Amino acid sequence: MSRQTTIKLPPALDLSSLSPSVASPLKSRGRSASIVKVEEVGDRSVEEILDRSAYVNINANWVNAKGAWLIHIVLIVFGKIIIDTMPGMTQQISWTMVNLLYLALSYLMFHWVTGIPFENDLHGGAYDDLTLWEQIDEGAQYTPAKKWLFTVPIGLFLASTHYTNYNPWLFAMNVTALVLVLIPKLPQLHRQRLRFLAESASEITTPLTPSFSGSGRSTPIFEKLTPDETVAADTHFR
(Lines give C-alpha, C1' and ligand atoms only; values in the text may rest on other atoms or scores of the structure.)
Protein backbone atom coordinates (compact mmCIF):
# COMPACT_ATOMS: atom_id res chain seq x y z
CA MET A 1 0.00 0.00 0.00
CA SER A 2 1.51 3.30 -1.05
CA ARG A 3 1.47 6.21 1.33
CA GLN A 4 0.28 9.58 0.09
CA THR A 5 1.00 13.04 1.51
CA THR A 6 -1.15 16.12 1.42
CA ILE A 7 0.35 19.45 0.34
CA LYS A 8 -1.01 22.43 2.25
CA LEU A 9 -0.14 25.85 0.80
CA PRO A 10 -0.06 28.98 2.96
CA PRO A 11 -3.00 31.36 2.66
CA ALA A 12 -2.83 34.21 0.12
CA LEU A 13 -1.38 37.46 1.35
CA ASP A 14 -4.05 40.06 2.17
CA LEU A 15 -2.82 43.55 1.32
CA SER A 16 -5.97 45.24 2.56
CA SER A 17 -4.83 44.97 6.17
CA LEU A 18 -1.53 46.71 5.49
CA SER A 19 -0.88 50.42 5.74
CA PRO A 20 -1.49 52.51 2.59
CA SER A 21 2.25 53.14 2.15
CA VAL A 22 2.94 49.38 2.05
CA ALA A 23 -0.19 48.25 0.21
CA SER A 24 0.48 50.64 -2.67
CA PRO A 25 2.99 48.85 -4.97
CA LEU A 26 4.26 51.97 -6.71
CA LYS A 27 4.53 55.63 -5.87
CA SER A 28 4.91 58.48 -8.29
CA ARG A 29 8.28 60.19 -8.69
CA GLY A 30 8.36 63.64 -7.14
CA ARG A 31 10.52 66.71 -7.64
CA SER A 32 12.53 68.54 -5.04
CA ALA A 33 10.64 71.18 -3.10
CA SER A 34 13.31 73.84 -3.78
CA ILE A 35 14.70 75.12 -7.06
CA VAL A 36 18.30 75.32 -5.77
CA LYS A 37 19.89 72.41 -3.92
CA VAL A 38 23.24 72.44 -2.12
CA GLU A 39 25.23 69.20 -2.14
CA GLU A 40 28.60 68.33 -0.63
CA VAL A 41 31.09 66.59 -2.90
CA GLY A 42 34.29 64.72 -2.19
CA ASP A 43 34.51 61.68 0.03
CA ARG A 44 36.32 62.15 3.33
CA SER A 45 36.74 58.49 4.14
CA VAL A 46 40.03 57.00 5.22
CA GLU A 47 40.57 55.46 1.78
CA GLU A 48 40.19 58.84 0.04
CA ILE A 49 42.58 60.52 2.48
CA LEU A 50 45.20 57.82 1.90
CA ASP A 51 44.83 58.13 -1.90
CA ARG A 52 45.38 61.89 -1.73
CA SER A 53 48.43 61.58 0.49
CA ALA A 54 50.05 58.80 -1.54
CA TYR A 55 51.73 61.21 -3.97
CA VAL A 56 52.24 64.97 -4.23
CA ASN A 57 49.38 66.63 -6.07
CA ILE A 58 51.34 68.42 -8.79
CA ASN A 59 48.10 69.84 -10.16
CA ALA A 60 47.76 72.16 -7.14
CA ASN A 61 51.25 72.17 -5.64
CA TRP A 62 52.54 74.70 -8.19
CA VAL A 63 50.72 77.60 -6.48
CA ASN A 64 53.35 77.51 -3.73
CA ALA A 65 56.33 77.37 -6.10
CA LYS A 66 58.69 80.28 -6.72
CA GLY A 67 57.30 82.73 -9.23
CA ALA A 68 53.74 81.39 -8.99
CA TRP A 69 52.56 84.59 -7.31
CA LEU A 70 54.43 86.89 -9.67
CA ILE A 71 52.99 85.23 -12.78
CA HIS A 72 49.59 86.81 -12.08
CA ILE A 73 51.03 90.31 -12.23
CA VAL A 74 53.00 89.45 -15.37
CA LEU A 75 49.89 88.11 -17.14
CA ILE A 76 47.85 91.17 -16.18
CA VAL A 77 50.50 93.60 -17.45
CA PHE A 78 51.05 91.54 -20.61
CA GLY A 79 47.32 91.43 -21.32
CA LYS A 80 47.00 95.18 -20.75
CA ILE A 81 49.77 95.90 -23.24
CA ILE A 82 48.21 93.67 -25.91
CA ILE A 83 44.73 95.20 -25.50
CA ASP A 84 46.13 98.74 -25.63
CA THR A 85 47.63 98.01 -29.05
CA MET A 86 44.16 97.55 -30.56
CA PRO A 87 43.10 100.54 -32.69
CA GLY A 88 40.64 102.92 -31.11
CA MET A 89 41.02 101.40 -27.64
CA THR A 90 40.36 103.72 -24.69
CA GLN A 91 41.70 103.32 -21.16
CA GLN A 92 38.24 102.73 -19.75
CA ILE A 93 37.47 99.85 -22.10
CA SER A 94 41.01 98.52 -21.82
CA TRP A 95 40.98 98.24 -18.02
CA THR A 96 37.48 96.77 -18.07
CA MET A 97 38.48 94.10 -20.57
CA VAL A 98 41.62 93.22 -18.61
CA ASN A 99 39.63 92.88 -15.41
CA LEU A 100 36.85 90.79 -16.98
CA LEU A 101 39.26 88.53 -18.86
CA TYR A 102 41.36 87.87 -15.78
CA LEU A 103 38.30 87.13 -13.63
CA ALA A 104 36.82 84.85 -16.29
CA LEU A 105 40.03 82.85 -16.68
CA SER A 106 40.47 82.73 -12.90
CA TYR A 107 36.96 81.37 -12.40
CA LEU A 108 37.38 78.81 -15.17
CA MET A 109 40.72 77.61 -13.84
CA PHE A 110 40.12 77.59 -10.09
CA HIS A 111 36.38 77.02 -9.72
CA TRP A 112 34.98 75.34 -12.82
CA VAL A 113 37.32 72.57 -13.94
CA THR A 114 37.41 69.59 -11.58
CA GLY A 115 39.80 66.71 -11.17
CA ILE A 116 43.41 66.31 -12.30
CA PRO A 117 44.13 66.56 -16.04
CA PHE A 118 47.18 64.27 -15.85
CA GLU A 119 48.41 61.31 -13.78
CA ASN A 120 45.02 60.95 -12.15
CA ASP A 121 45.56 57.21 -11.60
CA LEU A 122 48.22 57.97 -8.98
CA HIS A 123 45.55 59.17 -6.56
CA GLY A 124 42.85 56.66 -7.45
CA GLY A 125 40.44 59.36 -8.62
CA ALA A 126 40.32 61.01 -5.18
CA TYR A 127 40.29 64.50 -6.76
CA ASP A 128 37.73 63.86 -9.50
CA ASP A 129 34.99 65.93 -7.80
CA LEU A 130 37.21 68.72 -6.44
CA THR A 131 38.11 71.99 -8.13
CA LEU A 132 41.63 73.37 -8.20
CA TRP A 133 40.79 75.81 -5.40
CA GLU A 134 39.61 72.91 -3.22
CA GLN A 135 42.81 70.97 -3.98
CA ILE A 136 45.18 73.78 -3.01
CA ASP A 137 46.96 73.05 0.30
CA GLU A 138 44.78 69.94 0.70
CA GLY A 139 41.72 72.06 1.31
CA ALA A 140 43.17 74.15 4.15
CA GLN A 141 41.75 77.64 4.51
CA TYR A 142 43.49 81.00 4.95
CA THR A 143 46.84 79.76 3.66
CA PRO A 144 49.28 82.32 2.14
CA ALA A 145 48.58 81.08 -1.40
CA LYS A 146 44.83 81.40 -1.00
CA LYS A 147 45.15 84.83 0.58
CA TRP A 148 47.19 85.98 -2.40
CA LEU A 149 44.72 84.54 -4.92
CA PHE A 150 41.93 86.27 -3.01
CA THR A 151 43.74 89.62 -2.99
CA VAL A 152 44.75 89.86 -6.67
CA PRO A 153 41.18 90.11 -8.08
CA ILE A 154 40.32 92.78 -5.51
CA GLY A 155 43.41 94.85 -6.38
CA LEU A 156 42.71 94.57 -10.11
CA PHE A 157 39.09 95.59 -9.52
CA LEU A 158 40.17 98.70 -7.60
CA ALA A 159 42.61 99.65 -10.36
CA SER A 160 40.03 99.16 -13.10
CA THR A 161 37.46 101.18 -11.14
CA HIS A 162 39.92 104.04 -10.72
CA TYR A 163 41.03 104.17 -14.36
CA THR A 164 37.43 103.97 -15.65
CA ASN A 165 36.70 107.20 -13.75
CA TYR A 166 34.05 105.41 -11.68
CA ASN A 167 31.71 104.99 -14.62
CA PRO A 168 28.52 103.46 -13.13
CA TRP A 169 27.90 100.98 -15.94
CA LEU A 170 31.49 99.76 -16.07
CA PHE A 171 31.58 99.66 -12.28
CA ALA A 172 28.47 97.44 -12.23
CA MET A 173 30.07 95.03 -14.70
CA ASN A 174 33.36 94.89 -12.78
CA VAL A 175 31.84 94.45 -9.35
CA THR A 176 29.46 91.73 -10.57
CA ALA A 177 32.33 89.74 -12.06
CA LEU A 178 34.36 90.24 -8.86
CA VAL A 179 31.56 88.93 -6.64
CA LEU A 180 31.06 85.86 -8.82
CA VAL A 181 34.75 85.02 -8.50
CA LEU A 182 35.12 85.70 -4.77
CA ILE A 183 32.04 83.80 -3.59
CA PRO A 184 33.41 80.33 -4.51
CA LYS A 185 36.57 81.17 -2.56
CA LEU A 186 34.71 81.52 0.74
CA PRO A 187 35.30 78.73 3.31
CA GLN A 188 31.54 78.29 3.74
CA LEU A 189 31.29 77.03 0.14
CA HIS A 190 34.17 74.58 0.37
CA ARG A 191 33.14 71.31 -1.34
CA GLN A 192 29.63 72.69 -1.86
CA ARG A 193 27.79 72.56 -5.19
CA LEU A 194 24.62 74.36 -6.23
CA ARG A 195 22.19 72.20 -8.20
CA PHE A 196 19.43 73.99 -10.10
CA LEU A 197 16.11 72.23 -10.78
CA ALA A 198 17.51 68.93 -9.52
CA GLU A 199 14.99 66.16 -9.04
CA SER A 200 14.74 64.46 -5.69
CA ALA A 201 15.69 60.86 -5.19
CA SER A 202 13.25 58.26 -6.47
CA GLU A 203 10.44 57.47 -4.07
CA ILE A 204 9.39 54.26 -5.80
CA THR A 205 9.01 51.46 -3.31
CA THR A 206 9.60 47.83 -4.11
CA PRO A 207 6.57 45.54 -4.18
CA LEU A 208 5.95 43.56 -1.01
CA THR A 209 7.08 39.95 -1.36
CA PRO A 210 5.23 37.25 0.61
CA SER A 211 7.44 35.57 3.17
CA PHE A 212 7.44 31.88 3.92
CA SER A 213 8.58 30.13 7.04
CA GLY A 214 11.49 27.78 7.07
CA SER A 215 14.44 28.46 4.78
CA GLY A 216 12.90 31.57 3.30
CA ARG A 217 12.51 30.11 -0.20
CA SER A 218 9.16 30.36 -1.95
CA THR A 219 8.41 26.62 -1.69
CA PRO A 220 5.29 24.87 -0.34
CA ILE A 221 5.26 23.65 3.24
CA PHE A 222 4.79 19.87 3.63
CA GLU A 223 3.00 18.70 6.73
CA LYS A 224 3.41 15.22 8.13
CA LEU A 225 0.06 13.45 8.58
CA THR A 226 -0.96 11.29 11.48
CA PRO A 227 -1.43 7.50 10.90
CA ASP A 228 -5.24 7.85 10.90
CA GLU A 229 -5.09 10.66 8.29
CA THR A 230 -2.73 8.58 6.17
CA VAL A 231 -5.11 5.60 6.13
CA ALA A 232 -7.98 7.88 5.18
CA ALA A 233 -5.97 9.41 2.32
CA ASP A 234 -5.00 5.96 1.01
CA THR A 235 -8.64 4.82 1.08
CA HIS A 236 -9.67 8.00 -0.75
CA PHE A 237 -7.18 7.58 -3.64
CA ARG A 238 -7.81 3.87 -4.23
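Residues numbered from 1 in each chain as written. Predicted model: local features only at pLDDT ≥ 70, side-chain atom pairs only at ≥ 80, totals over all residues. Heavy atoms only, no water.

## Concerning the overall build of the chain
Right, on to step 1. Along the chain, the regular secondary structure elements total nine helices and four strands.
Right, on to step 2. Scored against the burial criterion, the 238 residues of the chain give a buried share of 26%.
Right, on to step 3. Counted over contacts in the chain with a minimum sequence separation of 6, partners at least 24 positions apart contribute 75%.
Right, on to step 4. Surface summary for the chain: the accessible area is close to 16,400 Å², and the carbon and sulfur share equals 65%. (Helix = DSSP H or I, 4+ residues; strand = E, 2+ residues; numbered from the N terminus. Buried < 20%, exposed > 50% of the residue type's maximum accessible area, 1.4 Å probe, protein only. Contact = heavy atoms within 4.5 Å. Areas by Shrake-Rupley, 256 points an atom, 1.4 Å probe, with all protein chains shown as cover.)

## Side note on the UniProt feature "transmembrane region" (unreviewed entry) in the chain
Right, on to step 1. The UniProt feature table records "transmembrane region" (unreviewed entry) at residues 95-113 and 166-183.
Right, on to step 2. Secondary structure within residues 95-113 divides into 95% helix and 0% strand; the distance between the first and last C-alpha atoms comes to 26 Å.
Right, on to step 3. Segment residues 166-183 splits into 83% helix and 0% strand. End C-alpha atoms: 23 Å apart. (UniProt positions renumbered as here; feature names shortened; annotations may be inferred.)

## Structural notes on helix α7 (residues 144-163)
Right, on to step 1. For α7, spanning 20 residues, the distance from its first C-alpha to its last is 29 Å, which sits close to the expected 28 Å at 1.5 Å a residue.
Right, on to step 2. Within the span of α7, buried status applies to Ala145, Lys146, Leu149, Val152, Pro153, Leu156, Phe157, Ser160 and Thr161. Around the axis of α7, the buried residues are gathered within 165° of arc, so they sit on the same side. Relative to its buried face, α7 has exposed residues pointing more than 90 degrees away, namely Pro144 and Leu158.
Right, on to step 3. Turning to α7, the residues buried within the fold contact α4 (70-84), α5 (91-112), α6 (132-135) and α8 (168-182).
Right, on to step 4. Asparagine 165 sits one or two residues past α7 and shows a positive phi near 60°. (Expected span 1.5 Å × (residues − 1). Arc of directions from axis to C-beta.)

## Focus: unusual backbone geometry
Right, on to step 1. Look at tyrosine 142: it is not a glycine, yet its phi comes out positive at around 60°.
Right, on to step 2. Residue position: tyrosine 142 is located in the loop between α6 and α7.
Right, on to step 3. Looking at tyrosine 142, the relative accessible area reads 60%, which means it is exposed.
Right, on to step 4. Phi angles above zero are rare outside glycine, and tyrosine 166 is one such case at about 55°.
Right, on to step 5. Structurally, tyrosine 166 is set in the loop between α7 and α8.
Right, on to step 6. According to the relative accessible area criterion, tyrosine 166 is exposed, its value standing at 56%.

## Thoughts on the packing of aromatic side chains
Right, on to step 1. Throughout the structure, instances matching the rule amount to three aromatic pairs.
Right, on to step 2. Taking 4.8 Å as the distance between ring centres and 5° as the angle between the ring planes, the aromatic pair formed by tryptophan 95 and tyrosine 163 counts as stacked. Placement of the pair is tryptophan 95 in helix α5 and tyrosine 163 in helix α7, with a sequence separation of 68 residues.
Right, on to step 3. Judged by centre distance (5.8 Å) and plane angle (50°), the ring pair of phenylalanine 157 and phenylalanine 171 falls under tilted. Linking phenylalanine 157 in helix α7 with phenylalanine 171 in helix α8, this pair joins segments that are 14 residues apart in sequence.
Right, on to step 4. Phenylalanine 171 gets classed as partly exposed once you look at its relative accessible area, which sits at 36%.
Right, on to step 5. Between the NZ or CZ atom of lysine 185 and the centre of the ring of tryptophan 133, over which it lies, the distance is 5.2 Å. (Phe/Tyr/Trp six-rings, centres within 6.5 Å; stacked < 30°, edge-to-face > 60°. Lys NZ or Arg CZ within 6 Å of the ring centre and 35° of its normal.)

## Quick look at a nonpolar patch on the surface
Right, on to step 1. Where nonpolar side chains cluster on the molecular surface, the patch consists of Leu70, Ile71, Ile73, Val74, Leu75, Val77 and Ile81 and spans about 620 Å² of accessible area.
Right, on to step 2. Structurally, isoleucine 73 can be placed in helix α4. (Patch = residues over 30% accessible without salt bridge, like charges linked within 9 Å, V, L, I, M, F, W, Y side chains within 5 Å. Salt bridge = Lys/Arg side-chain N within 4 Å of Asp/Glu carboxyl O.)

## Some words on the packing of α4 against α7
Right, on to step 1. Running from N to C, α4 and α7 cross one another at 25°; their axes reach a closest spacing of 11 Å. In terms of their interaxial angle, α4 and α7 are classed as roughly parallel. Considering the relative orientation of α4 and α7, their crossing is right-handed. Note on element contacts: α7 touches α4 through Trp148, Leu149, Val152 and Leu156, opposite His72, Ile73 and Ile76.
Right, on to step 2. Across the contact of α4 with α7, the residue classes break down as six nonpolar, one polar and no charged. (Axes fitted to C-alpha atoms, helices over the stretch in contact; angles between N-to-C directions. Parallel < 35°, antiparallel > 145°, perpendicular 65-115°, else oblique. Left-handed = near helix turned anticlockwise from the far one by under 90°. Nonpolar A, V, L, I, M, F, W, Y, C, P; charged D, E, K, R; others polar.)

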